[in-house]
Amino acid sequence: MILEINDLHVNAGDKEIISGLSLTIKQGEMHVIMGPNGSGKSTLAKAVFGHPGYKITSGDVLVDGKSVLGLKTDERAKLGLFLQFQDPVSIDGVKFLSFLNAAKRSYSPEMNIKGLMQEIKNTASELGMDEEFIKRSLNYGFSGGEKKKSEILQLAVLKPKIAILDEPDSGLDVDAIKVVAGSINKVSKQSNIGILLITHYSRILSHMEPQFVHIMVDGRIVESGGTGLIKTVESVGYDSFVEKAQRVK
Amino acid sequence: MAAYDKFAKEALSKYKTMPEETSELYKKNFIKLPSLKEEAVQGISEHKELTETMRKNYGVIGIDFDAVIGGGDAYSTNEEFIRVKDVGALSGEFLRQKLYGNSEDRYVSYIHAFSKNAMLIKVPKAQSASLAVLMFNSEAPLNTQITVDVGDGAKLELLEVCASSAGADSSFGVLNEVRVGKNSHAEINVLHNESANTTVMSFFKTFADEDAVIKFNSLYSGGMQVRVRNIMEASGTGSRVEANEIVIGTDAQKFDLGTSAVNAAEKTTASVESKAVLLGEATGIIKGFAKLNHGAKKSNSFILERGLLFDNGAKIDCMPDMSVEENDVRATHSSATTPLDSNALFYVMSRGINEPMAKRLLALGFFDSIISKIGSESMREIAAAMVRDKIDRKQPGNIPELGEEYREGSKSEDFFKGHYKYRQ
């Protein structure tokens, strides 16, 4: 699968948040988008999935050459796209197992519940989660770390072709970051998943091997390169990239 | 016969002359029912074609009914616990004590006046019973009365399914009076699934004696106009009464629920939890009333009302209220109504779940705190199936199909097993 984002412009209300962003991600590749707060990273993730709060004013999002802008959110997911939420909603009463069961069925109608439960238990164990959480309501009463792990568990079970991971590291302690990064690496390699990882910080990237790194400022990518860019951000921060973005304006 | 005729005549007279309602709040907020037909076709016979058809139709949800009333027919197949009587054959004392006392309400008077049959359910002392009854209206109104007596130390699980036959465009009215003896336990589950053309009137009065427990779980899905009045009284020391209400409405359905929880003795607990999901242009009025009587020391009372609106045209008014006459009590109430959370819908759909199914999941999640209180696992599944069906088809009165979605998330290995009422 190939996900192409072509000259995308996205508004939230009257304000333009994404200003002509282009990016191509192939299955099996790992891309990282880094950028300061407010640069539009999470908006990009939600806009690709058709969040009703964002309006695409021009540009396109294509999967294998076909525009997905006319598709509903669930239809985009069924193509093989996955979005890990930075702050997933808590839904009291919707049991995690019922939710994941319904999600898995939408991808794999032939799936059986016993196999699913075993897969959930195994993955939960790898993530250091108590398997009792599957009886709990979806993200309800979860700690910040549990929410992140719940998202990665869903990634592992649903096995998409391309996943956008919106800050899987935020709110996690150093040990949990290592565990989550290890799970992402394992799942993406096992299932040949293309990853677009959004983060502020380089810490999680020390446990990963991205091939492409992009710096996003003011709704556009101002520089792309390899892991060398991570070191630049570590040493000098985003100031030079912000200046570059202002010059381009 | 003469006694009943006299009561019926008085009740009808009252029905015709009572003012619409006296409260300004009521006039402003509560639905007015249309003119009701002064006719009813019921009788006592056995297994007429229409009742058998309805019985079989609803049998697909796994219930074998012990008694059926509707379509000009009325019978019990379990006379050990349920008797179906022509109300004219009942004694004046019975009528006065059990049901006629409800006649302050004009709709109660109407149902009372035009009831042809009454159902008497009695569980003797220290015995237990699990019973299911089916009532349905057809082109003619169904008006009926049910009295339930649960003896000391006895246990009852009762299911009432209220439905309509095909093409029904009339009214459905039922009066229930439930008395539960000392140290006894009653769980009553009522499913309203009448047709879109039906006017529904339902009245419950329950009384729990010393250390008794009454759980009254009701689901209102059917009917174009639904008027419900319940009084749940914890009458004896240490007793507990609990009303759990689900409303799922679509189109232009109107629901008007008023449930009073009364603490009438010391160390009692009375609660009402009501939740409504409304779609289309459905409207709902949910009024829970807590009444803590003088002398009800060390009692607890709790009213909770929640509304969830799926569409812009839907509207709900939650109005919890209370009257506290005793100081040494704990009483709380709360209410909240919200539109469907677009972020929650987006989140669920981002996992490949289509919008109708996502809404189903969210509705079932919303109702989970009530559905999970239903003691019987099969009843929980049937209630969930009714909610799913309503969200999918957006019309009342369909017989729901039992699906796997909810069941797989909650069922244990012995689903339907070990209970003679429910098929494997």
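Here the focus is the overall build of chain A. Helix and strand counts for chain A stand at eight helices and 12 strands. In terms of overall dimensions, chain A is globule-like: its C-alpha atoms have a radius of gyration of 18 Å, near the 18 Å expected for 249 residues. Along the first, second and third principal axes, the C-alpha atoms of chain A reach 55 × 40 × 30 Å. Within chain A, the proportion of its 249 residues that are buried is 53%. A fraction of 70% describes how many contacts in chain A between residues 6 or more apart in sequence connect residues 24 or more apart.

What follows concerns the side chain of His200 of chain A. Residues and elements named next belong to chain A. Looking at the secondary structure, you find His200 in the loop between strand E10 (194-199) and strand E11 (212-217). Of note is the side chain of His200, whose polar atom sits 2.9 Å from the side chain of Asn37. His200 has contacts with Met34, Gly35, Pro36, Asn37, Lys41, Glu167 and Tyr238, leaving out every residue within four places of it along the chain.

For the rest of this paragraph, the subject is the side chain of Thr73 of chain A. Tracing the backbone shows Thr73 of chain A in helix H2 (residues 73-78). Setting aside residues up to four positions removed in sequence, Thr73 of chain A forms contacts with Phe49 and Gly50 of chain A together with Phe346, Met349 and Ser350 of chain B.

Listed by partner, the interface residues are 22 residues for chain B and 36 residues for chain A. Taken together, the two surfaces of chain B and chain A that pack against each other cover about 2,300 Å², and 65% of this comes from carbon and sulfur. There are two salt bridges connecting chain B and chain A. Between Asp368 of chain B and Lys95 of chain A there is a salt bridge, with its nearest N and O atoms 2.8 Å apart. On the surface where chain B and chain A come into contact, there are 11 residue pairs in polar contact (both at pLDDT 80 or more).

It is worth spelling out the pattern of salt bridges at this point. As enumerated under the stated definition, the model contains 22 salt bridges over all chains in all. Salt-bridge contacts for Glu151 of chain A lead to Arg351 of chain B; the nearest nitrogen and oxygen are separated by 2.9 Å. Taken together, the residues span two chains, with Glu151 of chain A in helix H5 (residues 144-158) and Arg351 of chain B in the loop between helix H6 (342-349) and helix H7 (355-371). Ionic pairing is found between Asp256 of chain B and Arg229 of chain B, a salt bridge with its closest N-O pair at 3.1 Å.

In this section: the sheet that holds strand E6 (residues 81-84) of chain A. All names here are of chain A. Taken together, the six strands give an open sheet; going across it, the order is E6-E9-E10-E3-E11-E12, and neighbouring strands pair in mixed fashion. What marks the edges here is a single partner per strand, and that holds for E6 and strand E12 (220-225). Averaged over neighbouring strand pairs, the angle between their axes works out to 20° when direction is ignored. As judged from the four bridges shared by E6 and strand E9 (residues 162-166), these two strands associate in the parallel manner. Bridge pairing links Phe82 to Ala163 in E9.

Residue and element names in this part refer to chain A. Tracing the sequence through the fold places Pro109 in the loop between helix H3 (96-107) and helix H4 (113-126). The class for Pro109 is exposed, based on a relative accessible area of 57%. When the C-alpha atoms of Pro109 and Gly194 are compared, they prove to be 23 Å apart, with 85 residues separating the residues in sequence.

Of all hydrophobic cores here, the largest spans 129 residues; its most connected members are Met34, Leu44, Leu153 and Ile215 of chain A together with Leu134 and Val277 of chain B. Sort the elements by how many residues they give to this core and H7 of chain B lands first, with nine residues. Core analysis: the second largest hydrophobic core is formed by 57 residues, Ala129, Ile188, Val226 and Leu257 of chain B among them.

A word on the confidence of the model for chain B. Residue and element names in this part refer to chain B. Per-residue pLDDT for chain B has a mean of 84; in total, 82% of the residues score no lower than 70. Scored below 50 in pLDDT, residues 18-22 shows 12 contacts in the model against residues more than four places distant or in partner chains. Here residues 405-424 is modelled with pLDDT under 50, and outside its nearest four sequence neighbours on either side it reaches 51 contacts, counting other chains as well. Here the predicted complex scores 0.87 on pTM and 0.95 on ipTM.

Let us now look at the pairing of strand E11 (residues 213-220) of chain B. Residue and element names in this part refer to chain B. The buried count for E11 comes to eight of eight residues, which makes it a mostly enclosed element. With burial as the criterion, each face of E11 is covered, one bearing Val213, Lys215, Asn217 and Leu219 and the other bearing Ile214, Phe216, Ser218 and Tyr220. As judged from the eight bridges shared by strand E9 (residues 185-193) and E11, these two strands associate in the parallel manner. Paired with Leu191 across the bridge in E11 is Leu219.

Here H4 of chain A contains 14 residues, and its C-alpha end-to-end distance of 20 Å stays within 8% of the 20 Å for a straight helix at 1.5 Å per residue. Just downstream of H4 of chain A lies Gly128 of chain A, where phi reads positive at about 75°.

By secondary structure assignment, the location of Ile285 of chain B is in strand E16 (residues 283-292). Remark: the alpha-carbon pair of Ile285 of chain B and Tyr58 of chain B, spanning 227 residues in sequence, is separated by 29 Å.

Conventions used here
- Residues numbered from 1 in each chain as written.
- Chains lettered and ligands numbered in written order.
- Predicted model: local features only at pLDDT ≥ 70, side-chain atom pairs only at ≥ 80, totals over all residues.
- Heavy atoms only, no water.
- Helix = DSSP H or I, 4+ residues; strand = E, 2+ residues; numbered from the N terminus.
- Rg over C-alpha atoms; globule rule 2.2 N^0.38 Å.
- Buried < 20%, exposed > 50% of the residue type's maximum accessible area, 1.4 Å probe, protein only.
- Contact = heavy atoms within 4.5 Å.
- Polar contact = N/O pair within 3.5 Å; in protein donor to acceptor, adjacent residues only side chain to side chain.
- Buried area = accessible area lost by both parts, 1.4 Å probe.
- Salt bridge = Lys/Arg side-chain N within 4 Å of Asp/Glu carboxyl O.
- Pairing = 2+ DSSP bridges.
- Axes fitted to C-alpha atoms, helices over the stretch in contact; angles between N-to-C directions.
- Core = buried A, V, L, I, M, F, W, Y, C linked by side-chain atoms within 4.5 Å.
- pLDDT = per-residue confidence, 0-100.
- Expected span 1.5 Å × (residues − 1).

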